[in-house]
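Given next are the chains, with one letter for each unit.
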Amino acid sequence: MVKKNLKIHNKHPYLYTIIILGFFWFSILVIWFSWQETVRAWENVSLSEVDKKMVVSLYQRTGYNMTMGIIKKEKPQKREVKGLYLTAYSAGSPKKVEQIIDLINKTELNAVVIDIKDYSGLVLYDSNLLWVNELKTEDNRLGDVKALIKKFHDNDIYVIARQTVFQDPILARKKPEWAIHSKSGGLWYDHKGLAWVDPTRMEIWNYNVAIAREAIRLGFDEINFDYVRFPSDGDMSKVIYTNGEKEKHEIMHDFFNYLNIKLSQEPAWLSLDFFGFVMERHDGMSIGQRLEDAVDETDYICPMMYPSHYPVGHLGLDNPAANPRLVIQNGMKKGLTYFVDKRAKVRPWIQAFDMGAVYSDGTLIRAQIEEIEKVSDGGWLLWNASNKYTSAGLKKE
């Protein structure tokens, strides 16, 4: 037998080496595929559902990048948020950030809302998520996010991550089977030429939950979900809907409930951006947004109550933009009843840009703030798409 083995060895001197190397590389592939599945599953599992110490130990043993690790254990203390919106470009500019911090420190402002995923669908920070990296949906405009958040926190500034959901052109292109389609064939596009993903698809829900979780790991105090609705602008007669017998508002309620289940135990608060008209209308407005479907599923609802966006004739006004007190007062009065004894508080987005009337001098900004604060302590958020803010209309500190 020994002689026979020696003959085999002499004929094939590298046989054992080949077998050992083959076994080694096979083992590496098995481990790699198993780890890919583990990481992908982790993107869809809440920390509340597993033992945190075990997860950290697993990540350390396997050498997974811990830069996205657990940095907070509790939700931040609630406050009456008085914030302003920043694009990722603005938040990624050290000079602009210094200007904003200076403004906040000199006024009643205490919060910022920063894009982490905007109307383009791009993820705007350096993501470690497999989905994001495989689909190439990332464009890191924010730079070192953890350092950015720390800088704001060092100035006692509350930091909110704004994340668009169903308006997602890049994901629609990368995964057309997840997109809203047109009866004319291909993807459906709104009047701005933007494609949307299908609100009924669970893959979209999971994708956005994974991004939100990662943002929370980075240190954001709150995740603000925008475009949580069906599309509204464009040739709606061409849209192929896939919600079957379910009403749109039922789909959106299911989505809000899913966010609640998956994220409510995370160390960050949740908020939803709605059309301003939800405070007055409760029919879903053909986009699936109703207060009653969300007030028990989130911490804050942020109706976009920009007076310039209300139609001529609203409340009998020729120009609602010139009458912000009446617009805000009416909306708050009609909508607040839906928040009584509910989890959510209302925190409106208000106009801080010139459209229909001059807001940059601060008078009409102050008028909106006063009407909100008369009836709510949920706070408010300033919207200016160009991020041009001054102290006009704000109380000085």
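Note that the structure is a prediction, hence the values are computed from the model and not measured.

Reading guide: rules and limits
Residues numbered from 1 in each chain as written. Predicted model: local features only at pLDDT ≥ 70, side-chain atom pairs only at ≥ 80, totals over all residues. Heavy atoms only, no water. Helix = DSSP H or I, 4+ residues; strand = E, 2+ residues; numbered from the N terminus. Buried < 20%, exposed > 50% of the residue type's maximum accessible area, 1.4 Å probe, protein only. Contact = heavy atoms within 4.5 Å. Salt bridge = Lys/Arg side-chain N within 4 Å of Asp/Glu carboxyl O. Core = buried A, V, L, I, M, F, W, Y, C linked by side-chain atoms within 4.5 Å. Phe/Tyr/Trp six-rings, centres within 6.5 Å; stacked < 30°, edge-to-face > 60°. Lys NZ or Arg CZ within 6 Å of the ring centre and 35° of its normal. Axes fitted to C-alpha atoms, helices over the stretch in contact; angles between N-to-C directions. Parallel < 35°, antiparallel > 145°, perpendicular 65-115°, else oblique. Left-handed = near helix turned anticlockwise from the far one by under 90°. Nonpolar A, V, L, I, M, F, W, Y, C, P; charged D, E, K, R; others polar. Lys, Arg positive; Asp, Glu negative; His and termini not counted. Pairing = 2+ DSSP bridges. 1 Å grid on protein atoms, 1.4 Å probe; cavity = no way out; pocket = protein on both sides within 12 Å on 5 of 7 lines; lining within 4 Å. Points joined across faces, edges and corners; volume = space filled by probe spheres on them.

K.L.:
Honestly, the overall build of the protein in this entry has me stumped. Any pointers?
P.N.:
Counting secondary structure elements, the protein contains 12 helices and 11 strands. Looking at the protein as a whole, 54% of its 397 residues qualify as buried. Within the protein, contacts between residues separated by at least 24 positions form 76% of all contacts whose residues are at least 6 apart in sequence.

K.L.:
Before we go on, may I ask you to explain the pattern of salt bridges in this structure?
P.N.:
Opposite charge on two side chains makes pairing possible when the charged atoms of those side chains draw close. One pass over the full model with this rule turns up 29 salt bridges. For the salt bridge of Glu222 with Arg347, the shortest nitrogen-to-oxygen distance reads 2.8 Å. Within this pair, whereas Glu222 is found in strand β5 (residues 222–226), its partner Arg347 is found in the loop between β9 (345–346) and β10 (349–351), the two being separated by 125 residues in sequence. A salt bridge links Glu292 to Arg290, with the nearest nitrogen and oxygen atoms 3.9 Å apart. We classify Arg290 as buried; its relative accessible area is 18%.

K.L.:
Would you mind showing me how to read the nonpolar core here?
P.N.:
Side chains of a nonpolar character, in soluble globular proteins, are inclined to be buried together. Ranked by internal contacts, the top residues of the largest apolar core, which has 114 residues, are Val112, Phe152, Phe225 and Leu382. Residues within four places of Phe225 in sequence aside, it is in contact with Gln163, Val165, Ala212, Leu259, Leu263, Leu270, Ser271, Leu272 and Asp273.

K.L.:
What am I meant to see in the packing of aromatic side chains here?
P.N.:
Evaluated as defined, the whole model comprises 13 aromatic pairs. Ring centres of Trp205 and Tyr258 lie 5.3 Å apart, and the angle between their planes is 50°; on these two criteria the pair is classed as tilted. Of this pair, Trp205 sits in helix α9 (residues 202–218) while Tyr258 sits in helix α10 (residues 248–263), and the two are 53 residues apart along the sequence. For the residue pair Trp205 and Tyr258, the accessibility class agrees, reading buried in each case. Among the aromatic residues, ring-to-ring pairing joins Phe166, Trp205, Phe255, Phe256, Tyr258 and Phe274 into one connected group. Here Lys75 stacks its cationic end above the ring of Trp269, 5.2 Å away from the centre of that ring. In this arrangement the basic side chain of Lys248 is found over the ring face of Phe230, its NZ or CZ atom lying 5.8 Å from the centre.

K.L.:
Any chance you could explain the packing of helix α5 (residues 94–106) against helix α7 (residues 145–154) here in plain terms?
P.N.:
Following both chains from N to C, one finds α5 and α7 inclined at 20°, their axes separated by 11 Å at the closest point. The orientation of α5 with respect to α7, classified from their angle, is roughly parallel. With respect to the hand of their crossing, α5 and α7 are arranged in right-handed fashion. Touching Val97, Glu98 and Ile101 of α5 are Leu148, Lys151 and Phe152, all from α7. The residue makeup of the contact of α5 with α7, split by class, is four nonpolar, no polar and two charged.

K.L.:
It is not clear to me how the environment of Gly378 should be interpreted in this structure. Could you clarify?
P.N.:
Counting through the fold element by element, Gly378 comes out in the loop between α12 (363–375) and β11 (379–383). Placed 299 residues apart in sequence, Gly378 and Arg79 show a C-alpha to C-alpha distance of 8.1 Å. Each residue touching Gly378, except ones within four places of it in the same chain, is listed here: Glu80, Val81, Tyr300, Lys345, Val346 and Arg347.

K.L.:
What is the right way to look at the packing of helix α11 (residues 324–335) against α12 in this model?
P.N.:
Between two packed helices, both the angle of their axes relative to each other and the distance between the axes serve to describe the pair. Put simply, α11 and α12 touch, their axes get as near as 8 Å, and they point 25° apart. Of the possible angle classes, the one that applies to α11 and α12 is roughly parallel. The chirality of how α11 crosses α12 is right-handed. Contacts from Pro324, Arg325, Ile328, Gln329 and Met332 of α11 reach α12 at Leu364, Ala367, Gln368, Glu370, Glu371, Ile372, Lys374 and Val375. Among the residues making up the contact of α11 with α12, the classes are represented as seven nonpolar, two polar and four charged.

K.L.:
Any chance you could explain the side chain of Arg229 here in plain terms?
P.N.:
Mapped onto the secondary structure, Arg229 falls in the loop between β5 and β6 (239–240). Despite being buried, Arg229 has no salt bridge partner; Asp233 is the closest side chain of opposite charge, sitting 4.7 Å away. Leave out the neighbours within four places in its chain, and Arg229 touches Phe166, Trp196, Pro199, Met252, Phe275, Ile287 and Gln289.

K.L.:
Looking at this model, I keep getting lost on the pairing of strand β1 (residues 81–86). Mind explaining?
P.N.:
Remark: a regular strand shows side chains that alternate across the two faces of the sheet. For β1, the buried fraction is high: six of the six residues fall into the buried class. Burial along β1 is two-sided: the residues Val81, Gly83 and Tyr85 and Lys82, Leu84 and Leu86 are all buried. In terms of strand pairing, β1 meets strand β2 (residues 111–117) through four bridges, oriented parallel. Opposite Leu86, over in β2, you have Ile114 as the bridge partner.

K.L.:
Honestly, the layout of surface pockets in this entry has me stumped. Any pointers?
P.N.:
Sizing a probe to match a water molecule and rolling it over the atoms shows the empty space that remains. In this structure, the largest pocket occupies an estimated 900 Å³ of space. In terms of lining, the largest pocket is formed by 35 residues, of which the most central are Lys192, Tyr227, Met304, His309 and Trp383. Mapped by element, the contributors of at least two residues to the lining of the largest pocket are α4 (88–91) and β7 (269–275). Its residues assigned to classes, the lining of the largest pocket comprises 18 nonpolar, seven polar and 10 charged. Considered as a void within the structure, the second largest pocket measures approximately 200 Å³ in volume. Taken together, 15 residues line the second largest pocket, and the ones lying closest to its centre are Ala352, Ser360, Asn384, Lys388 and Tyr389. Classifying every residue of the lining of the second largest pocket by side-chain character gives 10 nonpolar, three polar and two charged.

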